[in-house]
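Listed here are the chains, written in short residue letters.
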Amino acid sequence: MAKRPTKRTQQSQDRRMKWWREARFGMFIHWGLYALPEGIWKGKEIPGIGEWIQKRANIPVSEYEKLAEQFNPVKFNAKEWVQVAKDAGMKYLTITSKHHDGFALFKSDASPYNIVDATPYGKDVIAELAKECQKADIKLCFYYSQKQDWHHPNGSGNTLDFDPNKQNFNQYMREKGLPQIKEILTQYGPIGMIWYDTPQDITTAQTKKFITAVYDSQPNCLVNGRAGHGLGDYQSMGDNLIPPARVEGDWETPATLNDTWGFKKNDPNWKPVDGLIKRLVDIVSKGGNYLLNVGPTAEGVIPKPSVTRLKKVGDWLKINGDAIYGASASPHPYELSWGAITTKGRKLYLNIWDWPKSTFTLYGLKNKVRKAYLLADKTRTPLEKQQTRDTSIDLDILTLKLPRKKPDKVVSVVVLEVTGEPEMDATLLQNADGRIQLEAHNGQIKSPKTGAQLTRGRFGTIENWLTTGHRVTWTVKVVTPGTYNVAVLTQTERNGKWEGGHKTKLTIGRAPLSATIKEQERRDNPKANADLLDVVSMLGQITINKPGTHDITLRMEKVIKTKGIGPKLRAIQLIPA
Ligand code: H79
């Protein structure tokens, strides 16, 4: 868990975190002056995230701040916004009270650069949202950019208008940062959390001041993990980044519905509904929360493609919410190919996205199953089940007879009521559908003692593979021997750059497979930003002769490093031939 500046007992911390752990799904709202240009400046399309337009288009403050004179969101309706969150099954709402551009969406005495004093609209939208959130029982939370403020002469990030060498950040904190934190925590009733962002080079002392300012006003208000220096009440993952496996402690992934946070006219890359539901399930199965963003227009309207998608996620939650709200991580520490497991007390929820023809098999569950039923089945008719044990490979096997027709198009949930605390085999297992998934993240690295070492990328990759001599080994329990097609997934750079031609050698026991990595296909990685793609390369076939625990080892016999990238390993997949 993230460290906190003031000591609390585990018990009191559990009490503070209770609503947040129960919620699991929240709405992020990015709204501000950047909604006016919609990603276009002086007729030119500005690439990247919309709320960064001031920086990306090099707009001086004197020009950008004039946008306030046009900000008149006449269609803004707090009740409608909160209803969109409610219909999506979201339990908290985090709005940009002030983003990097420095413009405040609330009435502020600390700076006139706010919606009430600087716009023709003149109304405090935060006050209206606070009222509606209270009525709808949704926790109101505030994003606040504590370090970057491109409008204040002593805020960070604006090197076009201000000389960083002449800035005094403590003065910014005294004049604007801390007073505004106090304002948002005293003007709108109880606030669920303050969501700080991009701490950059903030000092520990400064971070502590920003956190203490929150706790001084509202001791029960949470602080996210981007306050700085690992402080805060829980860990914030990178934007759009979902960890490759279960993470201990409290954590949250903030994510976009398309590729921008603030509204852009041209960003049609909306994530499909099935992808959103699977991400929610995946995140909860790893112990986290999903904070999903909408970017309303300058008129104050949440874009239609966002509303329709969120409504469908909400429809799914109406039936399957038991598997999400208040649920904890899977007892199995690895991803599963057919779906993901969540738990609550003595219940396991099998969130299945690959619905089998008739029999579903789960490997590794150690508990006795008292009862199994479909969450969508109100009568809870028991599913036929059988539990066996393969002692030769030390594996518990549960089989369930499922109806041919799946209850949900995307993710169908089976509930298992078990005796005792849910417990599963903690070794990497072959999936019951035969696939063997070897994530780079789960591999053991062995490198020569001297020379450049391999590194682990923030989100699951193995990188810096620019020399030969390294090995990555996975220890996996194989249930069904046979011949497998082997695919290797490597990741592109942010700009789409990638390099191939590396000669690999994969060995299982004494059987080697030598091949060259060649680009065959690029695929989205749902756990990463849209600009990090998986490059798929089929290496050929390999045979595993007998069931049991095997070491599978990957080497590079030759690496190409003309572009300085080498193979950024994401995963090896063995697919039954
Ligand atoms: O509020 C959202 C983003 O605006 C904020 N965090 C989420 C929740 C955020 N601030 N900084 N970053 C994310 C990292 C930004 C990186 C980039 Fe850029 C901005 C890449 C492209 C635009 C700055 C300009 C860095 C490279 C070019």
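Please read all numbers here as calculations on a predicted model, not as lab measurements.

S.K.: Quick one: what's the story with the nonpolar core, residue by residue and with numbers?
M.R.: Counting 101 residues, the largest nonpolar core has Ile95, Ile181 and Ile194 as its most contacted members. Apart from residues lying up to four places away in sequence, Ile95 is in contact with Ile29, Trp81, Leu105, Ile126, Leu129, Leu140, Cys141, Phe142 and Tyr143. Core analysis: the next-biggest nonpolar cluster, separate from the first, contains 31 residues, Val486, Leu513, Ala515 and Val535 among them.

S.K.: I'd love a proper account of the domain arrangement of the chain, names of residues and values included.
M.R.: Under the domain assignment used here, the chain contains domain 1 (10–319), domain 2 (339–426) and domain 3 (436–576). Each of domain 1 and domain 3 was reduced to a C-alpha centroid, and the two centroids are 37 Å apart. Taken together, the contact between domain 1 and domain 3 spans 14 residues of the former and nine residues of the latter. Linking domain 1 to domain 3 there are zero salt bridges. For the pair domain 1 and domain 3, the interface holds four residue pairs in polar contact (both at pLDDT 80 or more).

S.K.: Now, about the pairing of strand β28 (residues 533–544): what can you tell me, with residues and values included?
M.R.: Examined bridge by bridge, strand β24 (residues 482–491) and β28 share ten bridges and lie antiparallel to one another. Residue pairing for β28: Leu489 is matched across the bridge by Val536. Two strands pair when backbone bridges link them, and strand β27 (residues 521–524) and β28 are joined in this way by four bridges, in the antiparallel orientation. Within β28, the position partnered with Arg523 by the bridge is Asp534.

S.K.: Give a detailed account of a positive patch on the surface, specifying residues and quantitative values.
M.R.: Taken together, the side chains of Arg346, Lys368, Arg370 and Lys385 make up a positively charged region of the molecular surface. Mapped onto the elements, Arg370 comes out in strand β14 (residues 369–374).

Conventions we followed
- Residues numbered from 1 in each chain as written.
- Predicted model: local features only at pLDDT ≥ 70, side-chain atom pairs only at ≥ 80, totals over all residues.
- Heavy atoms only, no water.
- Core = buried A, V, L, I, M, F, W, Y, C linked by side-chain atoms within 4.5 Å.
- Buried < 20%, exposed > 50% of the residue type's maximum accessible area, 1.4 Å probe, protein only.
- Contact = heavy atoms within 4.5 Å.
- Domains from an automatic or database assignment.
- Salt bridge = Lys/Arg side-chain N within 4 Å of Asp/Glu carboxyl O.
- Polar contact = N/O pair within 3.5 Å; in protein donor to acceptor, adjacent residues only side chain to side chain.
- Pairing = 2+ DSSP bridges.
- Helix = DSSP H or I, 4+ residues; strand = E, 2+ residues; numbered from the N terminus.
- Patch = residues over 30% accessible without salt bridge, like charges linked within 9 Å, V, L, I, M, F, W, Y side chains within 5 Å.
- Areas by Shrake-Rupley, 256 points an atom, 1.4 Å probe, with all protein chains shown as cover.
- Lys, Arg positive; Asp, Glu negative; His and termini not counted.
- Charge placed at Lys NZ, Arg CZ, Asp CG, Glu CD.

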